[in-house]
Amino acid sequence: MAKAGKAGGKTKAGKARTLKPLGAKLAGYKWGASAKHVDMATSPMPVRALDVRAAPQNVTIDLNRTAIIVIDMQNDFCAKGGWVDHLGADYTPDRAPIKPLQKLLPVLRGAGVPVIWVNWGNRPDLANMPPNQIHLYKPSGTGIGLGEPLPGSGAHVLEKDSWAAAVVDELEQKPGDIKVDKYRISGFWDTPLDSILRNLDIRSILFAGVNTDQCVLHSLTDANFLGYGCVLVEDCCATTSPDFCTQATVWNVKKCFGFVTDSKKLLKALAG
């Protein structure tokens, strides 16, 4: 029996068949369709292997099946006047990933690697936020918690489309980037992130953002449990937690959940 080739290609019998591609723009797997035929056996993208120095082992990733996820690089965590700043904590450690990401993201985009921004952006009515999540950020029941206006800017804490939940000005989001709102410490819980990654045929994920030991780690562990290859880009992550929290995170990622590299190693590999 003759099999269809690529969308718009020819059958083995040599008869031309014009098929229109069906699939998202960035999808790694698409169908081809005409009035009389649907081709579900279109050829996958070829492998583009990239060798990267990492720990505990060096890794090879497929650039056609790799994405970078940047987590919570938003004003509430990383900017003056944001929520962390309002709480009296030093927000400046969370700004450490900005410079390495400014160098890394354009190169990854140029290599065709999708950039996915996963930001904490709650519904204004908090309808999907149970009491335990509200308590997490307002443990005594007093003060400014989720969805409440910050003094000064009036931006609502971690609310979708507010200044508080926006990515910091220093990091440029391109029109082709993908944005996902999250509502828990993990970016995979109750979000379309897994569906998006699978539709793009992503197999390996580079992780960046804040906080290393919280939202980054738990998004990475969920990705590991879902079967993705996980690579923590250490200098593109940061936390306001004590140093031992980062040390424990890096140790556990190398031990149980994936691999650890940095932006310099990635840029060197991409340049080569």
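Up top is the structure.
These notes cover the structure that comes with them. For every chain, the first residue of the written sequence is number 1, and numbering continues from 1 onward in sequence order. Note on the predicted model: pLDDT of at least 70 is required for a residue's local features to be given, and 80 or more for side-chain atom pairs to be given and counted; whole-chain, interface and lining totals, by contrast, use all residues. With hydrogens and water excluded, all non-hydrogen atoms of the structure serve as input to the side-chain values.

Considering the side chain of Thr 191
And then number 1: Helix and strand labels come from DSSP, where a helix needs a run of H or I of at least four residues and a strand needs a run of E of at least two; each type is numbered from the N terminus. Turning to its location among the elements, Thr 191 is positioned in the loop between strand S8 (178-182) and helix H5 (193-199).
And then number 2: Here Leu 193 takes part through its backbone nitrogen, which lies 3.2 Å from a polar atom of the side chain of Thr 191.
And then number 3: Should any heavy atoms of two residues lie within 4.5 Å, those residues are counted as being in contact. Those residues within four positions of Thr 191 in sequence are excluded, and the remaining contacts are Val 180, Asp 181, Lys 182 and Tyr 183. Two N or O atoms count as a polar contact when they lie within 3.5 Å, although within protein this holds only if one can serve as hydrogen donor and the other as acceptor, and sequence-adjacent residues are included solely when both atoms are side-chain atoms.

A word on the state of the cysteines
And then number 1: Cysteine sulfur atoms that come within 2.5 Å of each other are treated as a disulfide pair. Within this structure, the stated rule accounts for zero disulfides.
And then number 2: Here Cys 236 is not cross-linked by a disulfide; its sulfur's nearest cysteine counterpart is in Cys 237, at 6.8 Å.
And then number 3: Overall, the relative accessible area of 0% leaves Cys 236 in the buried class. Three labels apply to residues, based on accessible area from a 1.4 Å probe with only protein chains included: buried if under 20% of the type maximum, exposed if over 50%, partly exposed otherwise in between.

Quick notes on the pattern of salt bridges
Pairs may arise between side chains of opposite charge once their charged atoms sit close together.
And then number 1: The term salt bridge refers to a pairing of a side-chain nitrogen on Lys or Arg with a carboxyl oxygen on Asp or Glu at a separation within 4 Å. What the rule picks out here adds up to 12 salt bridges.
And then number 2: Arg 65 is the partner of Asp 201 in a salt bridge, and the nearest nitrogen-oxygen pair spans 3.1 Å. You can see Asp 201 sitting in the loop between H5 and strand S9 (204-210) and its partner Arg 65 sitting in the loop between strand S5 (59-62) and strand S6 (66-71), a full 136 residues away along the chain.
And then number 3: For Arg 65, a relative accessible area of 8% translates into the label buried.
And then number 4: One salt bridge connects Asp 181 with Lys 160, and the closest N-O pair in it is separated by 2.7 Å. On the criterion of sequence distance, the pair formed by Asp 181 in strand S8 and Lys 160 in the loop between helix H4 (131-136) and S8 is long-range, its members being 21 residues apart.
And then number 5: It is possible to trace a salt-bridge network through shared partners that takes in Asp 62, Arg 65, Asp 201 and Arg 203.

Examining the pairing of strand S4 (residues 49-52)
The two faces of a sheet get side chains in turn, since along a regular strand they alternate between them.
And then number 1: Of the two faces of S4, only one is covered, namely that formed by Leu 50 and Val 52; the face formed by Ala 49 and Asp 51 stays uncovered.
And then number 2: Strand pairing follows a simple DSSP-based rule, namely that at least 2 bridges must link the two strands. Here S4 runs beside S5; their pairing, made up of four bridges, is antiparallel. Bridge assignment links Ala 49 to a residue of S5, and that residue is Asp 62.
And then number 3: Linking S4 to S5, which pair antiparallel, is a turn of six residues.

Brief notes about the environment of Val 210
And then number 1: Within the secondary structure layout, Val 210 lies in strand S9.
And then number 2: Residue classification places Val 210 among the buried residues on the basis of a relative accessible area of 1%.
And then number 3: Placed 108 residues apart in sequence, Val 210 and Gln 102 show a C-alpha to C-alpha distance of 15 Å.
And then number 4: If near-sequence neighbours (up to four positions away) are discounted, Val 210 is found in contact with Ile 71, Asp 72, Met 73, Phe 77, Cys 78, Asp 94, Pro 97, Cys 215, Val 216 and Ala 238.

A word on the packing of helix H3 (residues 98-110) against helix H8 (residues 263-271)
And then number 1: For helices, the fitted axis covers only the stretch in contact; all axes are lines through C-alpha atoms, and the angles between them, taken along N-to-C directions, range from 0 to 180 degrees. Axis separation between H3 and H8 bottoms out at 10 Å; the angle between their running directions is 30°. With respect to each other, H3 and H8 are oriented roughly parallel. You can see that H3 and H8 cross each other, and the crossing is left-handed. For the pair formed by H3 and H8, the contact residues are Pro 100, Lys 103, Leu 104, Val 107 and Leu 108 on the first element and Ser 263, Leu 266, Leu 267 and Leu 270 on the second.
And then number 2: Broken down by class, the residue content of the contact of H3 with H8 amounts to seven nonpolar, one polar and one charged. With respect to orientation, any angle under 35 degrees is reported as roughly parallel, any angle over 145 as roughly antiparallel, any angle of 65 to 115 as roughly perpendicular, and every other angle as oblique. Crossings are classed by handedness, with left-handed meaning an anticlockwise turn of the near helix from the far one by less than a right angle and right-handed meaning a clockwise turn. Under this grouping Gly is polar, as are all residues other than the nonpolar Ala, Val, Leu, Ile, Met, Phe, Trp, Tyr, Cys and Pro and the charged Asp, Glu, Lys and Arg.

Some thoughts on a nonpolar patch on the surface
And then number 1: Residues enter patches when their relative accessible area tops 30% and they take part in no salt bridge; the joining distance is 9 Å for like charges and 5 Å for the nonpolar side chains Val, Leu, Ile, Met, Phe, Trp and Tyr. Only the protein chains shown count as cover for residues, and the accessible areas themselves come from Shrake-Rupley with a 1.4 Å probe. A grouping of Leu 22, Tyr 29, Trp 31, Val 38 and Met 40 is seen on the molecular surface, where their side chains present a nonpolar patch of about 480 Å² in accessible area.
And then number 2: Inspection of the secondary structure puts Trp 31 in strand S2 (residues 31-33).

Things to note about the layout of surface pockets
And then number 1: With a 1 Å grid laid over protein atoms only, a set of points is called a cavity when a 1.4 Å probe fits there but cannot get out and a pocket when it is open yet has protein on both sides within 12 Å along at least five of seven lines; lining residues have an atom within 4 Å of a point. Grid points are joined across faces, edges and corners, and a volume is the space filled by probe spheres set on the points. Computed from the structure, the largest pocket encloses a volume of approximately 390 Å³.
And then number 2: Lining the largest pocket are 22 residues, with Phe 77, Trp 83, Val 84, Leu 87 and Tyr 137 positioned closest to its centre.
And then number 3: Among the elements of the structure, helix H2 (83-86) and helix H6 (212-225) are those that each provide at least two residues to the lining of the largest pocket.
And then number 4: Broken down by class, the residue content of the lining of the largest pocket amounts to 14 nonpolar, five polar and three charged.
And then number 5: As a volume, the second largest pocket reaches approximately 330 Å³.
And then number 6: If you go around the second largest pocket, you meet 22 residues; those closest to its centre are Ala 27, Gly 28, Tyr 29, Lys 30 and Met 45.

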